[in-house]
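One-letter residues, chain by chain:
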Amino acid sequence: MCLAIPGKIVAIEYAEDPVFSKARVSFDGIMREISIAAVPSAQVGQYVLVHVGMAISIIDEEEALITLGYFKRLNK
Amino acid sequence: MKHLEEYRNADIAARYLDDIHKVVTRPWSIMEICGGQTHSLVRNGIIELLPQSINMVHGPGCPVCVTPVAIIDKAIHLSRMSRVVLCSFGDMLRVPGTRESLLSAKAAGADVRLVYSPLDVVQLAKKSPGSKFVFLAAGFETTAPANALALIQAEKLGLDNFYVLSAQVLVPPAMELLLSDADTQVDGFLAAGHVCAITGYMAYLPLARQHQVPIVITGFEVLDLLLGILHCVRQLEHGEAEVANQYARVVKPNGNSQAREWMARVFEVSDREWRGIGTIPQSGLEPSIKYRRFDANFAFAMANVPAETSHSCIAGQILKGMKKPGDCASFRKECTPLHPLGAPMVSSEGACAAYFNYAKISS
Ligand code: SF4
């Protein structure tokens with residue numbers, strides 16, 4: 001139920017009232033319109049984690065790489 | 001996501017497993033709270049690859065599974081009213097109520113619709129002012145912000161035909177209950193990554209300290225889970241009890257403050273019954289007084305039907321990690337995903353369904 005999937009922001013449509021701001025997000029090429037009201041600083045090109053039609057977190061690329069680098073370092 | 005494949009890399013997973021095998025010297029019970037993680041652990045066969053001395057205990061982290069029969073019965077009652085459209089997520093429609101599920105009510109003519117997002121229900125309500133739309137809102141802290149946003153949008157749009165029937169629950173009170181329950185033997189926790197994306201993890205610091213358990217915030221991919229287990233076992237072996245964040249690419253220490261602000265604005269914390277477990281104090285969310293006109297419990301006359309759960313279902317013990325699905329006499333017999341007796345067999349994140357679909361050895 002807490003399933004959330006990462007997608008890439010392709011375009012943002014800012015609304016006058018930010019609770020209605022939306023983005024077009026690509027999930028491996030499949031486009032969906034989702035709310036970005038909870039991640040107001042999100043930018044085109046960033047990856048966001050989307051749950052029930054709303055982005056809940058901007059994915060930190062650097063952290064994603066650090067975690068993977070850490071795997072490799074640990075296991076050398 | 002660019003790096004998603006790497007989080008499923010079999011070579012790295014094998015090395016990780018090796019690390020876990022090297023670190024473990026004693027038996028440990030580790031509970032993953034989140035049903036999504038249970039599903040991933042079972043589907044990817046991780047449980048069978050772990051050292052035998054690590055017992056993965058499956059927690060209550062499936063909001064669909066813990067939704068009480070009484071709320072399903074209420075939703076069915078509402079769905080039969082004229083001009084009412086009852087909307088919810090797919091899994092919720094299949095949860096057995098006392099006599100039937102929302103899906104069977106739909107087959108019998110009730111207007112029940114499956115939706116992907118509560119925000120879609122707001123749009124439906126806007127387009128059809130002649131109908132009343134009730135959203136059966138299940139979910140943990142991960143989902144509550146979207147439910148809150150739907151109410152805020154409905155208010156701003158001036159809708160008077162959008163309502164919420166809340167089945168929302170909070171994770172930390174359930175963890176507290178499990179930790180205080182003498183029947184539940186859990187040495188360490190994997191905390192639910194997407195719940196923490198909203199809440200952050202400061203709330204877990206006192207839990208870890210007070211109960212002396214390590215709590216590792218973990219993601220859902222194979223490597224996330226293995227790394228979470230490794231961090232947890234390392235702490236256990238060293239006698240540590242810290243909160244660690246394995247899922248830093250998604251979870252910030254303070255979570256998502258905008259989302260929490262909406263939750264605080266729209267909902268208030270209440271006592272809540274968890275199916276199979278009982279009432280957990282201060283573990284639910286209901287619309288606050290200011291948003292009460294959107295609360296289906298107040299907007300509609302509700303018949304008080306006494307609710308009943310199947311007697312043979314041991315969902316409560318499964319949800320508390322005391323039993324595994326294979327321990328239930330009905331598992332794979334009278335109870336299957338097509339004919340579920342209890343909610344853990346309905347939701348794909350319920351432990352019973354996960355074992356039914358994927359596990360080879362569990363029965
Ligand atoms: S197998 Fe079915 S009856 Fe048994 S505990 Fe799971 S849901 Fe309940």
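Residues numbered from 1 in each chain as written. Chains lettered and ligands numbered in written order. Predicted model: local features only at pLDDT ≥ 70, side-chain atom pairs only at ≥ 80, totals over all residues. Heavy atoms only, no water.

Draft legend 1. Fine view of the overall build of chain A. Regarding its fold elements, chain A presents one helix and five strands. Listing every helix and strand of chain A by position from the N terminus yields β-β-β-β-β-α. Approximately 3,800 Å² of chain A is accessible, and the part contributed by carbon and sulfur atoms is 55%. (Helix = DSSP H or I, 4+ residues; strand = E, 2+ residues; numbered from the N terminus. Areas by Shrake-Rupley, 256 points an atom, 1.4 Å probe, with all protein chains shown as cover.)

Draft legend 2. Main features of the packing of aromatic side chains. All names here are of chain B. Counted according to the given criterion, the structure contains five aromatic pairs over all chains. Ring geometry for F89 against F135: centres 5.4 Å apart, planes inclined by 85°, an arrangement best described as edge-to-face. Of this pair, F89 sits in the loop between β3 (84–88) and α6 (90–94) while F135 sits in strand β5 (residues 132–139); the two residues are 46 residues apart in sequence, bridging distant segments of the chain. In this structure, F89 and F135 share a single accessibility class: buried. (Phe/Tyr/Trp six-rings, centres within 6.5 Å; stacked < 30°, edge-to-face > 60°. Buried < 20%, exposed > 50% of the residue type's maximum accessible area, 1.4 Å probe, protein only.)

Draft legend 3. The arrangement of the environment of B:P60 in detail. Residue and element names in this part refer to chain B. Tracing the chain through its elements places P60 in strand β2 (residues 54–61). Looking at P60, the relative accessible area reads 3%, which means it is buried. Taking C-alpha positions, P60 is 9.9 Å from G276, a pair spaced 216 residues apart along the chain. In contact with P60, other than residues within four places in its own chain, are M31, I33, V66, F140, L178, W274, I277 and L319. (Contact = heavy atoms within 4.5 Å.)

Draft legend 4. Highlighting the sheet that holds strand β4 (residues 112–114) of chain B. Residue and element names in this part refer to chain B. The strand order across the open sheet formed by six strands is β4-β3-β5-β6-β11-β10, and the pairing between neighbours is mixed. Two strands close off the open sheet at either side, each with one partner strand: β4 and β10 (267–274). Averaged over all adjacent pairs, the angle separating strand axes in this sheet is 25°, with direction ignored. Here strand β6 (residues 162–169) pairs with strand β11 (residues 278–287) via two bridges, running antiparallel. Looking at β11, one finds that V169 is bridged to G284. Together, β10 and β11 form the strand contacts of helix α14 (residues 257–266), whose direction differs from that of β10 by roughly 80°. (Pairing = 2+ DSSP bridges. Axes fitted to C-alpha atoms, helices over the stretch in contact; angles between N-to-C directions.)

Draft legend 5. Summary view of the interface of chain A and chain B. With 36 residues of chain A in contact, the opposing surface of chain B contributes 47 residues. Here chain A and chain B share an interface that buries about 3,800 Å² over both sides, 66% of which is from carbon and sulfur atoms. Counting across the interface, chain A meets chain B through 10 residue pairs in polar contact (both at pLDDT 80 or more). Elements that contribute at least two residues to the side of chain A that touches chain B include exactly β3 (30–35), β4 (47–51), β5 (54–58) and α1 (61–75) of chain A. Residue contributions to the side of chain A that touches chain B peak at 11 residues, all from α1(A). Of the residues in the side of chain A that touches chain B, the class split is 24 nonpolar, six polar and six charged. (Buried area = accessible area lost by both parts, 1.4 Å probe. Polar contact = N/O pair within 3.5 Å; in protein donor to acceptor, adjacent residues only side chain to side chain. Nonpolar A, V, L, I, M, F, W, Y, C, P; charged D, E, K, R; others polar.)

Draft legend 6. Broad picture of helix α17 (residues 351–358) of chain B. Listing the buried residues of α17(B) in full gives B:A351, B:C352, B:A353, B:A354 and B:Y355. Next to the buried residues of α17(B) lie α2 (35–43), α3 (46–49), β2 and α16 (315–319) of chain B.

Draft legend 7. Layout of the sheet that holds strand β8 (residues 215–218) of chain B. Residues and elements named next belong to chain B. Strand order in this open sheet of five strands is β2-β1-β7-β8-β9, and the pairing throughout is parallel. At either margin of the open sheet sits one strand with a lone partner, and together these are β2 and β9 (243–245). Direction aside, neighbouring strands of the sheet carry axes that sit 25° apart on average. Where β8 and β9 come together, three bridges link them in parallel fashion. Note on β9: the bridge partner recorded for I217 is N245. The sheet strands contacting helix α12 (residues 204–211) are β7 (188–192), β8 and β9, and the helix crosses β8 at an angle near 145°.

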